Amino acid sequence: MNVSEALNSRYTCRAFKADPVARETLTKIFDDALRAPSWANTQPWEIYIAGGQILEDLRQACLKNFHKGVPINSDMPRPGQWPAPIEARMRELGAARFKSMEIEQGDQAARMEISENNHRFFGAPVVAYLCMDHSLSSWSIHDLGMMSQSIMLAAQDRGVASAIAFNLVVYPDLIRSSLAIPDELDIIIGIALGYDNPGHKQNKFRSPRRPVDEVVRMQGI
């Protein structure tokens, strides 16, 4: 699989099989991903990977918080508002996803099922948590973004599906306690990893992309 194939075949998997990912496969994925660039080779990332019973206990604890209505408290706050064009794309995405699954706007039970699935980490057998020292700036968050993409492309190359999601890190205190993550590290994002369930209704949808002519402004070329 070349880079173009990996980019075009990768998607956010929202339903994983229970099959475990071998430690050897994970090691190869992350060994490749560590070639990601960073500002002045700072390599600001610290990565914690959870699987097995540790992940299952964490999954159940996060789901319990969700059902109890515990407020989310991510180490990196989510935006309070979005520019209008971006918010419009987010709304269009949500509507298209629900339509693809034949979920009506007023079907609260179906919507709750999707929310619960998010807090179950999509049933993934592995979740990687990307962290960095809380004293670092947004430049290092940019580096973690490159690391995230590198992990997902390396996984795709080995037939391992992925889902990068904010919902994976909304209860950082639970994650920090489960994985012994030091207080000085902020838990920035989580990436669920595993083998996709292609027949699941949540995995049939593919989000659209803006055309290159709309996004890229070439001058002098």
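This report concerns the structure included in the present document. All values reported here derive from a predicted model rather than from experimental measurement.

Glancing now at a nonpolar patch on the surface. Taken together, V212, V215, V216, M218 and I221 make up a surface patch of nonpolar side chains, about 530 Å² in accessible area. Residue position: M218 is located in the segment after α8 (212-215).

To continue, consider the packing of aromatic side chains. Counted by the stated rule, this structure contains one aromatic pair. With centroids separated by 5.4 Å and ring planes inclined at 50 degrees, the aromatic side chains of W39 and W139 adopt a geometry described as tilted. On the criterion of sequence distance, the pair formed by W39 in the loop between α2 (23-33) and β1 (46-51) and W139 in helix α6 (residues 138-157) is long-range, its members being 100 residues apart. Just as W39 is exposed, W139 falls in that class too. Over the ring of Y11 we find R206, and its NZ or CZ is 3.6 Å from the ring centre.

What follows covers the pairing of strand β2 (residues 126-133). For β2, the buried fraction is high: seven of the eight residues fall into the buried class. Looking at chain direction, β1 and β2 are connected through six bridges and run antiparallel. Across the sheet, residue A50 finds its bridge partner in β2, namely V127. By the bridge criterion, eight bridges tie β2 to strand β4 (residues 185-194) in an arrangement that is antiparallel. Within the sheet, the bridge partner assigned to D133 lies in β4 and is L185.

Judged by nonpolar contacts, the single largest core of 26 residues is most densely connected at F16, F121, Y129, L168, I175 and A192. Breaking this core down by element, the ones donating at least two residues are α3 (52-68), β2, β3 (161-165), α7 (172-179) and β4. By size, the runner-up hydrophobic cluster in this structure holds 22 residues, among which are F30, M132, A155 and L193.

For the structure shown, the criterion picks out seven salt bridges. Note that R176 is salt-bridged to D75, the shortest N-O span being 2.7 Å. Placement of the pair is R176 in helix α7 and D75 in the loop between α3 and α4 (84-100), with a sequence separation of 101 residues. A residue is classified by how much of its surface remains accessible, and D75, at 23% relative accessible area, is partly exposed. For the salt bridge of R91 with E87, the shortest nitrogen-to-oxygen distance reads 2.9 Å. Here R91 pairs with E87, and both are found in helix α4, just four residues apart, close to one helical turn. R91 gets classed as exposed once you look at its relative accessible area, which sits at 59%.

Conventions we followed
- Residues numbered from 1 in each chain as written.
- Predicted model: local features only at pLDDT ≥ 70, side-chain atom pairs only at ≥ 80, totals over all residues.
- Heavy atoms only, no water.
- Patch = residues over 30% accessible without salt bridge, like charges linked within 9 Å, V, L, I, M, F, W, Y side chains within 5 Å.
- Areas by Shrake-Rupley, 256 points an atom, 1.4 Å probe, with all protein chains shown as cover.
- Salt bridge = Lys/Arg side-chain N within 4 Å of Asp/Glu carboxyl O.
- Helix = DSSP H or I, 4+ residues; strand = E, 2+ residues; numbered from the N terminus.
- Phe/Tyr/Trp six-rings, centres within 6.5 Å; stacked < 30°, edge-to-face > 60°.
- Buried < 20%, exposed > 50% of the residue type's maximum accessible area, 1.4 Å probe, protein only.
- Lys NZ or Arg CZ within 6 Å of the ring centre and 35° of its normal.
- Pairing = 2+ DSSP bridges.
- Core = buried A, V, L, I, M, F, W, Y, C linked by side-chain atoms within 4.5 Å.

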